[in-house]
Amino acid sequence: MKKQKNSKEKKNNGFSSPRGMRDLMDEEYYNFQGFFEKAQEICSYYGFKPIDTPILEHKEIFTSGIGKGTDIVDKEMYTLKTKGGDYLALRPEHTAPLMRAYIEHGMQTLPQPVMFYHYGPVFRHDKPQRGRYRQFWQFDLDALGSDKSIMDALSIKVGMSILEEAGAEKLSIDINSIGDKECRGVYIKELTNYYRKHISKLPVIDRKRLKINPLRILDSKEEKTRIINEQAPDSVSFLCTSCKKHFKEVLEYLEEMEINYNINKNLVRGLSYYTRTVFEVYTRSEEEDLSAASLNTGQADKAPVQIASGGRYDYLARQIGGKKDVPAVGFSIGVDRIVESSWYKRLSPRILKKPKIYFIQLGPEAKLKSLSVIEILRKAHIPIAQSLSRDSLSSQLAIAEKLSIPHVIILGVKEALENSVIVRDMANRSQDTIKLNKLLEYLKELNK
RNA sequence: GUGCCCGUAGUUUAAUGGUAAAACUUCGGCUUGUGGAGCCGAUAUCGAGAGUUCAAUUCUCUCCGGGCACCCCA
């Protein structure tokens, strides 16, 4: 262990980002930022409020919240010991920290439900692939403090709207209900019994799962298990009266909102805090699938990409140490997978303004004054582009041309001395000399 | 975590058992008060380390990183 660590440091000289973690910049950064702005706008409209929690939490928040027996906790969590001796973990998801914040700040006393949106990097020590990173971004929206089915529906609706606004096509949502403490226990017992009967045919992995988390056997990819699963008892038929009603209502809301869903009886989710409603959202892009398929195996479609998921987690509060249960439901979106998709709309952040003026300076006297002239334009909210490091007029004009900016301002030595600038129309190559104190007025006219 | 493929300038690619070629980009120089210009020049410890060899970027191994399929998930 120690040996490896040393050789690692030596070998890459520390000159690369850690595996599965990358630098976001320029276009890609804006793609993320644009998405977050749009998602926030939609959430705000529906009454969700912002919250930002620490990237590190006490480890127990996750071990007891998400639960042992889940891959996230058992294999994928980044943990560390502080100098004070506490065990912290980089958050592998947003839900448990959000619930911790709710309890810590006594939000039970606020009008319920309390609705939050929450986004930022999360960390899982998984083997990286495209669309799967060790540091990735999730956008979550959650309604805490209500067990009403309309909150499930609202969360799903808002989440789906965000995905649609981002350009997602062919969305499909798989949904299921795994019951509450009344019926879930009965169901798990029944399911366990069923698997015990067939234990001789179960693969080793699934025998292990039977001990730790039998629900997970349901979405096993093992061929043998799949066959056994066909006859397995399904959670929906074990739902108690209130859970049945709740699930039925959720589905009614979805129908009313014309959200296509597919009831997937094997859908149980990898996190053990879920109760009642669970769902996963998939999308596929046929172009990507076709090209990738023909290049590699020549086989048909790749698996559809899961871009969002969530569900209800009515008992999470108590699992992480709350005194009372807090019924809650949430929807979480994998932002990296959206931003990388061919269908992504490349939502542009609001701070990015398309420049209508290109600023050119010529000669040392002009360069000296250029920053103050630009500051005048900035304060007047006129977006410009410039390349102050350039000296030659033609190269600056060339850049303006390249960026297809309609007008340029030229500040030469002569103009600098006379407190004026030249405004040139790139389309017809006409230009006017304008006094600096008249400049804003002149530009205003131009934009009419 | 398992299996397979991959790794040459910032990018895309080339060649080779004798320390690497080109295009584009970038930067610098010359020229240049008016439209993507031109010319000159610079930039690679061939992902890292070890081994085989007189000699390795080229062969072998390990590691690092990327991709694909599992696992799992967003």
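Before reading further, recall that the structure is shown in the block above.
Residues numbered from 1 in each chain as written. Chains lettered and ligands numbered in written order. Predicted model: local features only at pLDDT ≥ 70, side-chain atom pairs only at ≥ 80, totals over all residues.

(A) Structural detail: the environment of K211. As for its placement among the helices and strands, K211 is situated in helix α8 (residues 204–212). Each C-alpha atom, one on K211 and one on G69, is 9.2 Å from the other, the two residues being 142 residues apart in sequence. (Helix = DSSP H or I, 4+ residues; strand = E, 2+ residues; numbered from the N terminus.)

(B) View of the sheet that holds strand β4 (residues 87–90). Across the sheet, which stays open at both edges, the 3 strands sit in the order β2-β4-β3 with antiparallel pairing between neighbours. Every interior strand has two partners, whereas the edge strands, β2 (56–58) and β3 (79–81), have only one. When the angles between neighbouring strand axes are averaged without regard to direction, this sheet yields 35 degrees. Relative to β4, β3 runs antiparallel, the two being bridged by 3 bridges. Across the sheet, L80 pairs through a bridge with L88, a residue of β4. (Pairing = 2+ DSSP bridges. Axes fitted to C-alpha atoms, helices over the stretch in contact; angles between N-to-C directions.)

(C) Quick peek at the nonpolar core. In terms of nonpolar packing, the biggest core is built from 83 residues, with F35, M99, L163, L316, A328, I333 and V335 touching the most fellow members. The element best represented in this core is helix α6 (residues 149–165), accounting for 8 residues. M99 has contacts with L316, A317, I320, V326 and A328, leaving out every residue within four places of it along the chain. Formed by 15 residues, the second largest nonpolar core is a distinct cluster that contains A366, L411, A416 and L439. (Core = buried A, V, L, I, M, F, W, Y, C linked by C-beta atoms within 7 Å. Buried ≥ 20, exposed ≤ 12 C-beta atoms within 10 Å, placed from the backbone. Contact = placed C-beta atoms within 7 Å.)

(D) Expanded view of the packing of α6 against helix α10 (residues 241–256). The geometry of α6 relative to α10 is characterised by a closest axis approach of 8 Å and an angle of 40 degrees between their N-to-C directions. Here α10 runs oblique to α6, going by the angle between their axes. Crossing hand, α6 versus α10: right-handed. Between α6, through S149, I150, D152, A153 and I156, and α10, the contact on the second element is made entirely by H246, E249, V250, Y253 and L254. Its residues assigned to classes, the contact of α6 with α10 comprises 6 nonpolar, 2 polar and 2 charged. (Parallel < 35°, antiparallel > 145°, perpendicular 65-115°, else oblique. Left-handed = near helix turned anticlockwise from the far one by under 90°. Nonpolar A, V, L, I, M, F, W, Y, C, P; charged D, E, K, R; others polar.)

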